[in-house]
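Listed here are the chains, written in short residue letters.
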Amino acid sequence: MSAPDATTPEAHPRFAEALRELGLDVEVRRFPEATRTAAEAAAAIGCELSEIVKSLIFEADGVPVLVLMDGSSRVDLELVRAELGAAKVKRAGAELVRETTGYAIGGVPPFGHRTRTRVLADRGLLDHDVVWAAAGTPHTVFPLDPKSLIAHAGGSVVDVREQSK
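Figured I'd write up the structure that's included with this text.

### A look at helix H4 (residues 94-101)
Argument step 1. Within the span of H4, buried status applies to Leu96, Val97, Thr100 and Thr101. Angularly, the buried residues of H4 cover 105° about the axis, an arc narrow enough to put them on a single face. Exposed residues pointing more than 90 degrees away from the buried face of H4 are listed as Ala94 and Glu95.
Argument step 2. On the buried face of H4, the contacting elements are helix H1 (13-22), strand E2 (53-60) and strand E3 (63-70).
Argument step 3. Phi turns positive, to about 90°, at Gly102, one or two residues after H4.

### Side note on the pattern of salt bridges
Argument step 1. The full count for this structure, using the stated rule, is seven salt bridges.
Argument step 2. For Arg123, the salt bridge goes to Asp159, with nearest N and O atoms at 3.1 Å. With Arg123 in the loop between strand E5 (118-122) and strand E6 (131-134) and Asp159 in the segment after strand E8 (156-158), this residue pair connects regions lying 36 residues apart in the sequence.

### Brief notes about the environment of Arg114
Argument step 1. With respect to the secondary-structure elements, Arg114 resides in the loop between H4 and E5.
Argument step 2. With 99 residues separating them in the primary sequence, Arg114 and Phe15 have C-alpha atoms 9.9 Å apart.
Argument step 3. Dropping the residues within four chain positions of it, Arg114 is found in contact with Arg14, Arg98, Glu99, Thr100, Thr101 and Gly102.

### Let's talk about the sheet that holds E2
Argument step 1. The five strands are arranged E4-E2-E3-E5-E8 in an open sheet whose pairing can be described as mixed. Sheet topology places strand E4 (89-91) and E8 at the edges, where each strand pairs with a single neighbour. Direction aside, neighbouring strands of the sheet carry axes that sit 35° apart on average.
Argument step 2. Lying over the sheet, helix H3 (residues 77-84) contacts E2, E3, E4, E5 and E8, oriented at roughly 130° with respect to E5.

What counts and how
Residues numbered from 1 in each chain as written. Predicted model: local features only at pLDDT ≥ 70, side-chain atom pairs only at ≥ 80, totals over all residues. Heavy atoms only, no water. Buried < 20%, exposed > 50% of the residue type's maximum accessible area, 1.4 Å probe, protein only. Helix = DSSP H or I, 4+ residues; strand = E, 2+ residues; numbered from the N terminus. Arc of directions from axis to C-beta. Contact = heavy atoms within 4.5 Å. Salt bridge = Lys/Arg side-chain N within 4 Å of Asp/Glu carboxyl O. Pairing = 2+ DSSP bridges. Axes fitted to C-alpha atoms, helices over the stretch in contact; angles between N-to-C directions.

This is how it looks when you write it as structure tokens:
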């Protein structure tokens, strides 16, 4: 049932454990240069910016929420607020991100977090056959089909992408 360790030696230990618990056998790639931003990750992998998954933590009325967004788009805070029925939504600070997920900004994976949070996944992720997400460090990424990624994250598919004016 458990995935072979050979596929996850580069992943953050907490994330590697999450992969084992989920029975996921994915290839974790490590890059010498940080892939902290979506643009850095896309350049290192050689994929489109929109094939990168950003795992972003926001505070909705003080409660952490994870938003999964493609790398070429921005989150519309008003759409997130409306989706959650919250009075106020803002980007979480680095301390809350680490406290909630167990990972530093730039390396937050879509699942395998320290705490369970509500997860919103933007519908745009489903436009791809494969997407790439952080594997717990700013130097590691892994590929997965977006439906599986969203399912393992416990995400609801929503429309929270900022529309171009």
